[in-house]
Amino acid sequence: MRKDRRSLAAALAVLALLVVAAPARAADEAAAGAAAAAEPPAVGLTAADVKGITAPSSDDLAKGDPGGTLTGSAADIVMADPKAGLTLADVVNQVGQNRIAVNFVWTLVAGFLVMFMQAGFALVETGLCRAKNANHTMMMNFMVYGFGLFAYWVMGFAIQQGGSAGISNLGGMNPLNNEFKLSLFGKDWGLFGTKGFFLSGDTYDVGVMVLFLFQMVFMDTATTIVTGAAAERWKFAAFAISTFFLGAITYPLFGNWAWGGGWLSQLGANFKLGHGYCDFAGSGVVHSVGGLTALAVAMIIGARIGKYNRDGSPNPIPGHDITMVLLGCFILAFGWFGFNPGSTLGASGNGSLRIGSIAVNTMLAGCTGSFGALLYMWMRFGKPDASMSGNGLLAGLVAITAPSGFVNTVGAAIIGFSAGVLVCLSVEFLERVMKIDDPVGATSVHGTCGLWGVLCVGLFADGTSNYGGSWNGVDGSVTGLFYGDAGQFVAQLIGVCTLVGVIFTLSYVFNAFIDFFVGQRVSVDVELEGLDLPEMGALGYPEFQLVTPGLGRSIEIGG
């Protein structure tokens, strides 16, 4: 009992002390809070924090890590000086390198996807051509990669990207620091780059290599477009020379003006026309350049034998394998996920998380593009058309390529559907009115719908993109006419005029020179027999009997 009383008395004494001390402690805490408010708060880790970080022991790791809670720790950070131990500088540098590494990997994987599109183009074009030309058509699609790549390595990349330093997602691209410029109206206008020939000198750089691969496969896409429009009558030697010129000069020039810091991209900074010419993933740079070059070659080379009657009315010349065509379209749609989302050139920082939106926009536009073409052909001719449905899918993908990074999903669906209808109208116009024979519709899919995609940036960009706070050196997000910026639409119109007026003309003139000195077209006998044996030395289908419809000719093949 006495012990209980002593315990109670002690507890009351402690309570009394707490009551007396509480005001003093509150005053001390208030003073400490005021001092903290007066001084800037400490931000981030300190050297002491880093020194105090522990990592799982080797014994712990040797037992396995099924939950993934031990793997990846401070022990995996590269130390500049292992003797000094982990430092704050080590941690910060590792964070920076990890961001660039994420962007490197994303951009490279996207480039690999775009390279695989070459297989899709090969299948689409070969399937839409006759079996007697299968080997030749496949070989053009196969070798366009090699011819174009070589030309781009020698000089195309330097012309396009030689002055494009400042791409922070890939580490800055600082070696690409020389753009040839003209001074007009008190402003500098970039014309072409001068660093990066043969990827030598300062441009032997890890970031430059990533950019080269990604830009090279885009160039390759442009060059392969032409093979479809000129298929079944294009001389292989002429194809090789024309492809080299496109990869070395024509494509890189427009690529520089749009993506390499050239004059079209500067229309916003120099003349207050929106954000200058904007082409997120290449409706203009890739598809329109390829499509307009295809138009030039098709005009020079002429129509296939039997395509037109004496009165000028066209005859259909069906392809030999629609299964191959639609499989190729699926491959192209898959590869387009590298084309458009990959054009952020990264997945970390500067708004690159928008890759998800870009991927969805790409899917939607391809989907609604096939709807547009299917419905048009069904209403116009009473039946859905498989090859035009495939072209509608591609037309929607082409049209969304430029605006994919700047529009919302509703805009993407509208852009795709309109392109699906537009490609059908364009094919009919070129075939019936202009008398242009394009076996696969390449000019319409890539040229017509590419130009439409360029204009769609100036119409549908909704002003929410915010890639690091600016685009083409102009603060804010790209905004189109429907969302309040008419200047952006004007910049896109200037881009379209440049494509049609300069790039088409340049392509036509150079291919006319090839026609004069080398000859663009095979002989009549070769065309009638099929290009496989005379041009390639082997048949694509050596054990089949090939029949040329409407010409009363057949070729016995095999035993």
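Residues numbered from 1 in each chain as written. Predicted model: local features only at pLDDT ≥ 70, side-chain atom pairs only at ≥ 80, totals over all residues. Heavy atoms only, no water.

Notes on the overall build of the chain
Where we set the bar: Where helices and strands are cited, they refer to DSSP runs of H or I of at least four residues and of E of at least two residues respectively, numbered from the N terminus. Contacts are assigned to residue pairs with any non-hydrogen atoms lying within 4.5 Å of each other. The Shrake-Rupley method, run with a 1.4 Å probe sphere, supplies the accessible areas, and residue values consider only the shown protein chains as cover.
Each helix and strand counted, the chain has 17 helices and 6 strands in total. Put simply, of all contacts in the chain between residues at least 6 apart along the chain, 75% involve residues at least 24 apart. Of the roughly 24,800 Å² that the chain leaves accessible, carbon and sulfur atoms contribute 67%.

Section: the packing of helix α9 (residues 283-301) against helix α14 (residues 442-460)
Quick reminder of the rule: Only C-alpha atoms enter the line fits that serve as axes; for helices the fit covers just the stretch in contact. Angles between N-to-C directions range over 0 to 180 degrees. Geometric relationships in this document are graded by angle, where less than 35 degrees denotes roughly parallel, more than 145 denotes roughly antiparallel, 65 to 115 denotes roughly perpendicular, and other angles denote oblique. Helix crossings get a hand from a simple test, with the near helix turned counterclockwise from the far one by less than a right angle marking a left-handed crossing and a clockwise turn marking a right-handed one.
It is at 7 Å that the axes of α9 and α14 come closest, and there the two elements cross at 140 degrees. Considered as vectors, α9 and α14 are oriented oblique to each other. Every pair of crossing elements has a handedness; the one defined by α9 and α14 is left-handed. The residues of α14 that touch α9, namely those facing S283, G284, H287, S288, G291, A294 and L295, are A442, T443, H446, G447, G450, L451, G453 and V454.

What to know about helix α6 (residues 206-229)
Every α-helix carries 3.6 residues per turn, so stepping three or four residues along brings you back to the same face. Short version of the rule: Expected span, for any helix, means 1.5 Å times one less than how many residues it has. Per-residue accessibility, obtained with a 1.4 Å probe over protein chains only, is compared with the maximum for each type, and a residue is labelled buried under 20%, exposed over 50%, and partly exposed between these values. Think of a polar contact as two N or O atoms within 3.5 Å of one another; within protein, one of them needs to be a possible hydrogen donor and the other a possible acceptor, and neighboring residues in sequence only count if both atoms come from side chains.
Here α6 spans 37 Å end to end across 24 residues, near enough to the 34 Å set by a 1.5 Å rise per residue. Along α6, 21 of the 24 residues are buried, which leaves the element largely enclosed by surrounding structure. Between the side-chain oxygen of the N-cap and the backbone nitrogen of G207 there are 3.0 Å, and the N-cap of α6 in question is D205.

Here's the deal with unusual backbone geometry
One non-glycine residue, F185, adopts positive backbone phi at about 55 degrees. Mapped onto the secondary structure, F185 falls in the loop between β1 (179-184) and β2 (187-193). Its relative accessible area of 70% is what places F185 among the exposed residues. Located in the positive-phi region is L345, a residue other than glycine, with phi close to 60 degrees. Note on placement: L345 falls in the loop between α10 (322-339) and α11 (355-381). Accessibility expressed as a relative area gives 12% for L345, which makes it buried.

Overview of a nonpolar patch on the surface
Rule in force here: Each patch is built from residues lacking any salt bridge and having more than 30% relative accessible area; the joining distance is 9 Å for like charges and 5 Å for nonpolar side chains (Val, Leu, Ile, Met, Phe, Trp, Tyr). Just to be clear on terms, a salt bridge is a Lys or Arg side-chain nitrogen sitting within 4 Å of an Asp or Glu carboxyl oxygen.
Residues I241, V509, F513, F516, F517 and V518 make up a contiguous nonpolar surface patch of roughly 620 Å² in combined accessible area. It is helix α15 (residues 486-517) that contributes the most residues to the nonpolar patch, 4 residues altogether. On the secondary structure map, V518 appears in the loop between α15 and α16 (524-529).

What to know about the packing of helix α13 (residues 409-433) against α14
Any two packed helices are characterised by how steeply their axes cross, that is the angle between the axes, and by the distance between the axes. Convention followed: Residue classes follow a fixed rule: Ala, Val, Leu, Ile, Met, Phe, Trp, Tyr, Cys and Pro count as nonpolar, while Asp, Glu, Lys and Arg count as charged, and any other residue, Gly among them, counts as polar.
Put simply, α13 and α14 touch, their axes get as near as 9 Å, and they point 145 degrees apart. Relative to α14, α13 is oriented so that their crossing is right-handed. Between α13 and α14, the residues in contact are G411, I414, I415, S418, A419, L422, V423, S426, V427 and L430 and T443, S444, V445, T448, C449, W452, C456 and F460, respectively. Each residue belonging to the contact of α13 with α14 can be placed in one class, and the counts come to 12 nonpolar, 6 polar and no charged.

Things to note about the pattern of salt bridges
Pairing of side chains with opposite charge becomes possible as their charged atoms draw close. Evaluation of the coordinates by the stated rule reveals 8 salt bridges. Among the salt bridges present, the one from E232 reaches R304, with a minimum N-O distance of 2.4 Å. With E232 in the loop between α6 and α7 (236-259) and R304 in the loop between α9 and α10, this residue pair connects regions lying 72 residues apart in the sequence. On the basis of relative accessibility, which here comes to 1%, the residue E232 falls in the buried class. The exposure class of R304 is buried, given its relative accessible area of 4%. Across the pair E431 and K307 runs a salt bridge whose closest N-O atoms are separated by 2.7 Å. Within this pair, whereas E431 is found in helix α13, its partner K307 is found in the loop between α9 and α10, the two being separated by 124 residues in sequence. In this structure E431 comes out as partly exposed when scored by relative accessible area, which is 21%. The buried category is assigned to K307, whose relative accessible area is 4%.

A closer look at the confidence of the model for the chain
Heads up, the rule is: pLDDT gives the predictor's per-residue confidence on a scale running from 0 to 100.
In this model, the chain carries an average pLDDT of 91, and 89% of its residues clear a pLDDT of 70 or more. In this model residues 29-40 is a low-confidence stretch, pLDDT under 50, and it forms 0 contacts with partners more than four residues away in sequence or in other chains.

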